[in-house]
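# Residue-level structure breakdown
Listed below, chain by chain, are the residues.
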2 protein chains.
Amino acid sequence: MKSPGNDAGRAGEHAIIGRILGRLPAAPASLVVGPGDDAAVWTPPRGSLQVLTTDALVEGVHFDWRFSSPADVGYKALAVNVSDVAAMGGAPHLALLSLMLPPEIPLDTVDGLMDGLLVLAAEARVTLAGGNITRTCGPMVIDMTVVGSARPRKLLRRDGAQPGDFIYVTGALGASAAGLDWLRSSVGTSHPGTEAGPGDPALAACVARYRRPGPRARVGALLGRNRAASACVDLSDGLADAVRQVAAASGTGALLDGSALPLHPGARAWFAAKGVDAVEAAAASDDYELLFTVPRRRLGRLRAVVREARGVVVTRIGEVTADGSLEIREGEGRRQLPSGYAHFTNTI
Amino acid sequence: MKSPGNDAGRAGEHAIIGRILGRLPAAPASLVVGPGDDAAVWTPPRGSLQVLTTDALVEGVHFDWRFSSPADVGYKALAVNVSDVAAMGGAPHLALLSLMLPPEIPLDTVDGLMDGLLVLAAEARVTLAGGNITRTCGPMVIDMTVVGSARPRKLLRRDGAQPGDFIYVTGALGASAAGLDWLRSSVGTSHPGTEAGPGDPALAACVARYRRPGPRARVGALLGRNRAASACVDLSDGLADAVRQVAAASGTGALLDGSALPLHPGARAWFAAKGVDAVEAAAASDDYELLFTVPRRRLGRLRAVVREARGVVVTRIGEVTADGSLEIREGEGRRQLPSGYAHFTNTI
C-alpha cells in the first residue's frame, strides 16, 4: 500500500507526530501534560517508588522486516520495557517513544508500529505520554522509556537471592529462539516469513512468541506485591545470563536441574531435529520470561501468586547455592552453565 | 589514542557498561536502585509532579565528528533534555542513557562522551540512573531521557499565553547557527573544526555555544517557581517555531519587534558578512534558549527572576496579540514570521 511520496521524509516531523497523536486513546487524569509540549507531566502514585527503564530496538540488529511486521516491532519495543518493569516487581504506567526514521520509510510502517504498540499499551495499561521523532541516515530505531511504580520494600532486585532459595522461571523456554530460527531458515523458500507461518502449531506458537513476546507484567507485579521472591530478573539476555546476573549480584552460586528446564514443545522438536542440545537451547533462550528466586519459607506466597496469575506456568528449575559455581545437573553428572548472550557479538 | 582492537565491538556490552559505571559519582539517597538492575528505582520528591522528556542525537543528523568532540556530544545530549525540563518550569533529577554504538567506535569515544555528559550532570545536579547499550549497524545514537519534578500549578505550559502578554527570550540568538556555519566553512581549510577555533573571540563564543549549549535550567525553574511566565518553550527548533508553537497552543497571535531581537554579536557580524538578513538569522536560531510570555501584571516577578538568575540576560522581543497573525515589526512595516526549522528537511 505504499503510495509514491507517502514516506516519512516528505511528510515531515510535525505531520508524523500529528498522525500518531490522532490515534492515541484518552489519557488518564494523572497525565497532566501529554504529548505536544516540551515534556510530559505526570502525577505519580502517592508514596510510591518510581521504576524507570529504557530499551531500544535497532533495525538489522533487533528486528528484521522479513521476519516481523511493523505492528510486531511496535509491540516488541514496548514489551521489552514492560518486561523490565515487571522484573522489578513494578506496575508500568507511562511510556515515552523515541523514533528515528529513515526518510524513505513509508508512513504505513509508522501506522503499523503504532498499531502494535497500542495493543500492548492497552493490555498493560500503559499511557504513551510523549516522545521524540527524528530523521536518521541509518537503520530505523525505536527507543522506548517506560516509567512504572512500586511500593517501598516490595521491589524485586537481583541481589536478594540466598543459598537454599529455589529458582523458578515463568512460561516456556526457547520458543523465541526456535521461532527466529525457523524464520531465518524460511528466507528464500516458498513461505515468506512475515506472512504464512509454519504448518506445525507448536512451531507456529514459537514464531508468534518471537514476534510478540508478551511480557510477564502481572506475575512480576504480584511477586513484588506479596514479597514471594527474593530476587528477580527477566530473560532478555538469555536464561544463562539471567542466572549469572542474579548469582553475581547476590554473591551466590546456582545449581540448575537440566531435566526440569521447561523447553517449549515447539522448540524442543525444532532443536532436536537440528541436533542442538536441549540444555544449550534452554540456556540461550531470551523469551522475556521472568527468572526469580523464592525462599523456602515463602512457597505459600508463591502459590498465591500462581493462583492469581491464572494461566501463567511457573517451573522450579534449580536452587541457589552458597559457593560461587554455576552448574547444571544432568543425570548423575554436572556441567558448567553455558555462557550467555552478548549484544555486541550476536545478530538477529 | 586509538589502539588496535580497543573498540566497542571487541569490548562487548558488559565491559562498556563497567567502564561507564566506574566513572559515575556517588548517587543521592533518593536513587534506591542505580544502574545494573532491570530498571532504576527512585523516590520522587513528595507532592511533586513528574516531568519527563526524551531527545536523541544521531551522528550525521545532529552532530558531526569533524565539528564536535565526543565530550561536546555527550554534553549536548544531556543539555537538550535538561532544556526541555527547564522549559516546563521543572528541576531535572535523573537521566537514562540509551547508547547505540557502531562496533568500530573506539572506547575512547565512549569515555569522552561520558566526560562531557558528566560535566553537565554535575552542573545541573542530574544523576545518571540507568540506561541501555546496544550495537547498531548505522550511525551512533545517543538517546537520553530526563526525569524532573515541578510543583503542581507551577508548570510552564506552552498554551497559557494571553493577548497583551510580553514575549521574552533568554540569552543571545543565532550564536549556535553562526558557530556551525563557521565550522562548515572551515572544513578542508587550514583550521580543522574540532581543534583550533576562529580567531575572532565573538565568533569563537558562537562555536562554543554550538558545541555546548548550556541549558537555561536555573531560569526555567525560577520562572516556574514564582509563576512569572504564562507560557514557555525552548528554542530547540528555532525562534520562529517556538513563537508559532506558543501562539498555536494558546490560540493567539504574536507581534515581534525586529530591532529588539538580541542577535549574538559574533552571529550578527558573521551573517552580515555573508549577506544573511539579521531577522532571518534570529528567527532560525536554535540556541536552546527559552522563549516565554509574561502578563504585564507579573513584571515584578520577572524582575525577581532576573535578579536571582545572575548573569542571564532576558530581552523583551514582542507581545502576544489577539488575532492569529504572526508578524515581525521592521521600521514602519511588518513582515510575516519566517517558517521554522523542520528535522526532516534540515541537516547538520
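Computed from a prediction, not measured in an experiment: that's the story for all the values here.

### Looking at the side chain of A:D38
Structurally, A:D38 can be placed in the loop between β1 (31-33) and β2 (40-42). Among the residues examined, A:D38 registers a relative accessible area of 9% and is labelled buried. Among the polar contacts listed, one links the side chain of A:D38 to the backbone nitrogen of B:D234, at a separation of 3.4 Å.

### Quick look at the domain arrangement of chain A
Residues and elements named next belong to chain A. Split by domain assignment, chain A resolves into domain 1 (8-150) and domain 2 (166-336). Spacing between the C-alpha centres of domain 1 and domain 2 amounts to 26 Å. Listed per partner, the contact involves 21 residues of domain 1 and 22 residues of domain 2. Of the roughly 1,800 Å² buried between domain 1 and domain 2 on both sides combined, carbon and sulfur atoms contribute 61%. Run the count over domain 1 and domain 2 and you get two salt bridges. Across the contact surface, domain 1 and domain 2 share four residue pairs in polar contact (both at pLDDT 80 or more). The residue inventory of the side of domain 1 that touches domain 2, partitioned by class, reads 11 nonpolar, six polar and four charged.

### What about the sheet that holds strand β9 (residues 253-257) of chain B?
Residue and element names in this part refer to chain B. Ordered by their spatial adjacency, seven strands build an open sheet running β8-β10-β7-β11-β9-β12-β13, and the pairing between neighbours is mixed. Both outer strands of the open sheet, β8 (231-234) and β13 (333-336), are each paired with one neighbouring strand and no more. Within the sheet, the average angular offset between the axes of one strand and its neighbour, ignoring direction, is 25°. Relative to strand β11 (residues 314-321), β9 runs antiparallel, the two sharing four bridges. Paired with L255 across the strands is E319, a residue of β11. Strands in contact with helix α3 (residues 70-87) are β8 and β10 (290-294); relative to β8, the strand with the most contacts, it is inclined by about 175°.

### Notes on the sheet that holds β2(A)
Strands in a sheet are paired, the pairing made by backbone hydrogen bonds, and the direction either parallel or antiparallel. Taken in spatial order, the six strands line up as β1(A)-β2(A)-β3(B)-β6(B)-β4(B)-β5(B) in an open sheet, and their pairing is mixed. Across the chains shown, the open sheet's two edge strands, defined by having one partner strand only, are β1 of chain A together with β5 (127-135) of chain B. Averaged over neighbouring strand pairs, the angle between their axes works out to 20° when direction is ignored. Here β1(A) runs beside β2(A); their pairing, made up of two bridges, is antiparallel. Note that in β2(A) the partner of A:V33 across the bridge is A:V41. Across the sheet, helix α2 (residues 13-21) of chain B lies against β4 (91-101) and β5 of chain B, angled at about 155° from β5(B), the strand it touches most. Against the sheet, α3(B) makes contact with β3 (49-58), β4 and β6 (141-150) of chain B, and its axis sits at roughly 145° relative to β3(B), the strand it touches most.

### Focus: the pairing of β11(B)
In the sheet, strand β7 (residues 166-170) of chain B pairs with β11(B) via five bridges, with the strands oriented antiparallel. Counted as the bridge partner of B:T170 is B:V314 from β11(B).

### Some words on the relation of the copies chain B and chain A
One copy of the chain maps onto the second through a rotation around an axis plus a translation along that axis. Under the fitted operation, chain B is carried onto chain A by 0.0 Å of movement along the axis and a turn of 180°, and the coordinates agree to an RMSD of 0.0 Å. The two molecules are tied by a two-fold rotation axis, judged by turn and shift. Within chain B, the C-alpha atom positioned nearest to the axis of rotation is that of B:G138, 2.3 Å from it. Taken as a fraction of all interface residues of chain B, those also at the interface in chain A reach 100%, which identifies the copy contact as same-surface.

### Some words on unusual backbone geometry
Residue and element names in this part refer to chain A. For R125, which is not glycine, the phi torsion reads 55° and is therefore positive. Even without glycine at this site, R153 takes up a positive phi of about 65°. Within the fold, R153 resides in the loop between β6 (141-150) and β7 (166-170).

### A short note on the pairing of strand β12 (residues 326-330) of chain A
All names here are of chain A. Examined bridge by bridge, strand β9 (residues 253-257) and β12 share four bridges and lie parallel to one another. The residue of β12 that forms the bridge with D257 is R329. Sheet topology places β12 next to strand β13 (residues 333-336); four bridges connect them, and they run antiparallel. Bridging across to β13, I328 finds its partner in R335. Hairpin remark: β12 followed by β13, antiparallel, with two residues in the connecting loop; positive phi at G331, about 60°.

### Considering the pattern of salt bridges
All names here are of chain A. In total, this model carries 36 salt bridges over all chains according to the counting rule given. Measuring nitrogen to oxygen at the nearest pair gives 3.1 Å for the salt bridge that ties R296 to E319. Taken together, the residues R296 in the loop between β10 (290-294) and α11 (299-308) and E319 in strand β11 (residues 314-321) connect sequence positions 23 residues apart. The exposure class assigned to R296 is partly exposed, which follows from its relative accessible area of 44%. Bridged by salt links that share partners, the residues D277, E280, E330 and R335 form one connected network.

### Focus on the interface of chain B and chain A
On the side of chain A, 66 residues touch chain B, which itself brings 66 residues to the contact. At the boundary of chain B with chain A, total buried surface from both sides reaches about 5,300 Å², with 59% on carbon and sulfur atoms. Between the two partners, chain B and chain A, sit four salt bridges. Where A:D38 meets B:R158, a salt bridge forms, and the shortest distance between an N and an O atom there is 3.3 Å. One can count 24 residue pairs in polar contact (both at pLDDT 80 or more) joining chain B with chain A. Considering every element that reaches the side of chain B that touches chain A, the biggest residue donor is β3(B), with nine residues. For the side of chain B that touches chain A, the class distribution of residues is 32 nonpolar, 22 polar and 12 charged. Both β2(A) and β3(B) contribute to a ladder of three bridges, which runs antiparallel. Residue pairing in the sheet places A:W42 in a bridge with B:Q50 of β3(B).

### Focus on helix α4 (residues 107-124) of chain A
Between the first and last C-alpha of α4(A) there are 26 Å, a value that for 18 residues agrees with the 26 Å anticipated at 1.5 Å per step. Counting buried positions over the 18 residues of α4(A) gives 13, a clear majority of the element.

The rules behind the values
- Residues numbered from 1 in each chain as written.
- Chains lettered and ligands numbered in written order.
- Predicted model: local features only at pLDDT ≥ 70, side-chain atom pairs only at ≥ 80, totals over all residues.
- Heavy atoms only, no water.
- Helix = DSSP H or I, 4+ residues; strand = E, 2+ residues; numbered from the N terminus.
- Buried < 20%, exposed > 50% of the residue type's maximum accessible area, 1.4 Å probe, protein only.
- Polar contact = N/O pair within 3.5 Å; in protein donor to acceptor, adjacent residues only side chain to side chain.
- Domains from an automatic or database assignment.
- Contact = heavy atoms within 4.5 Å.
- Buried area = accessible area lost by both parts, 1.4 Å probe.
- Salt bridge = Lys/Arg side-chain N within 4 Å of Asp/Glu carboxyl O.
- Nonpolar A, V, L, I, M, F, W, Y, C, P; charged D, E, K, R; others polar.
- Pairing = 2+ DSSP bridges.
- Axes fitted to C-alpha atoms, helices over the stretch in contact; angles between N-to-C directions.
- Least-squares fit on C-alpha atoms with pLDDT ≥ 70 in both.
- Expected span 1.5 Å × (residues − 1).

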